Amino acid sequence: MRHAEHPGPIRIRRRRARRRSPPGLSTAQAAAHLAQDGPNLAVVGLRRGLIAKLGKRLAEPLVAILLLAAADVILLASDLGVLAVALLLALTPLGAVVGFVALPPVILLAIAGVSLAYLACAEMLKHVAMAPRHRRTERAHRHV
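Residues numbered from 1 in each chain as written. Predicted model: local features only at pLDDT ≥ 70, side-chain atom pairs only at ≥ 80, totals over all residues. Heavy atoms only, no water.

(A) Main features of the overall build of the chain. Within the chain, the secondary structure is distributed over seven helices and zero strands. The order of helices and strands in the chain, counted from the N terminus, is α-α-α-α-α-α-α. Counting across all 144 residues of the chain, residues that qualify as buried make up 2%. Accessible surface, the chain as shown: approximately 13700 Å² in total, 69% of it carbon and sulfur. (Helix = DSSP H or I, 4+ residues; strand = E, 2+ residues; numbered from the N terminus. Buried < 20%, exposed > 50% of the residue type's maximum accessible area, 1.4 Å probe, protein only. Areas by Shrake-Rupley, 256 points an atom, 1.4 Å probe, with all protein chains shown as cover.)

(B) Main features of a nonpolar patch on the surface. Together, L76, L80, L83, L87, L91, L103, I107, L108 and I111 give the surface a local cluster of nonpolar side chains, amounting to about 790 Å² of exposed area. Going through the elements one at a time, α4 (61-91) and α6 (105-129) are the ones with two or more residues in the nonpolar patch. Top contributing element to the nonpolar patch by residue count: α4, with five residues. Its place among the elements puts L83 in helix α4. (Patch = residues over 30% accessible without salt bridge, like charges linked within 9 Å, V, L, I, M, F, W, Y side chains within 5 Å. Salt bridge = Lys/Arg side-chain N within 4 Å of Asp/Glu carboxyl O.)

(C) Expanded view of a positive patch on the surface. Where like charges cluster on the molecular surface, the positive patch consists of R48, K53, K56 and R57. Looking at the element boundaries, K56 is found in helix α3 (residues 50-58). We classify K56 as exposed; its relative accessible area is 52%. (Lys, Arg positive; Asp, Glu negative; His and termini not counted. Charge placed at Lys NZ, Arg CZ, Asp CG, Glu CD.)

What follows is the structure in C-alpha cells.
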C-alpha cells in the first residue's frame, strides 16, 4: 500500500466517530420528555415590589450589623449635640434668656470629674460584664 492510499490516524478516528451514535437523547426520547414535562424554559424571577426587595436586603446579617453600627454613631452624635446645646445655654448669655444662672467654675470641674470617673469605671467593668459565663463562674468560685 502506498503512503498516499493509507488512511492516517486522524481519518480513522473520524470514521469511528461517525459510526457511533451521537450522545444524548434520541428523537423519540426527547419527544416523550417534551410530552411529559413540557418545554425546557428558563425560570423567570417573580416581580417583587420595592418594599419586598428592600426587606430582603435588610434581612441580611451584614446589613443589620452595619445599621446597628450606624445607629450607634447617630446616637453618639445626638448625645454630643444635646450636650453642646446644653453647654451653650448654660455658659453663654443665651442662658439668661431662659432663666439659667452660670455655675461657678469649681462646680463645673466637679461635674466633669464625676463624668470622667463614671466613664472610666464603665470601661473597666465592661470587660467583666461582657466576659463569657464560664469565666465569671470560675472567678466567683475562687473568691468564695
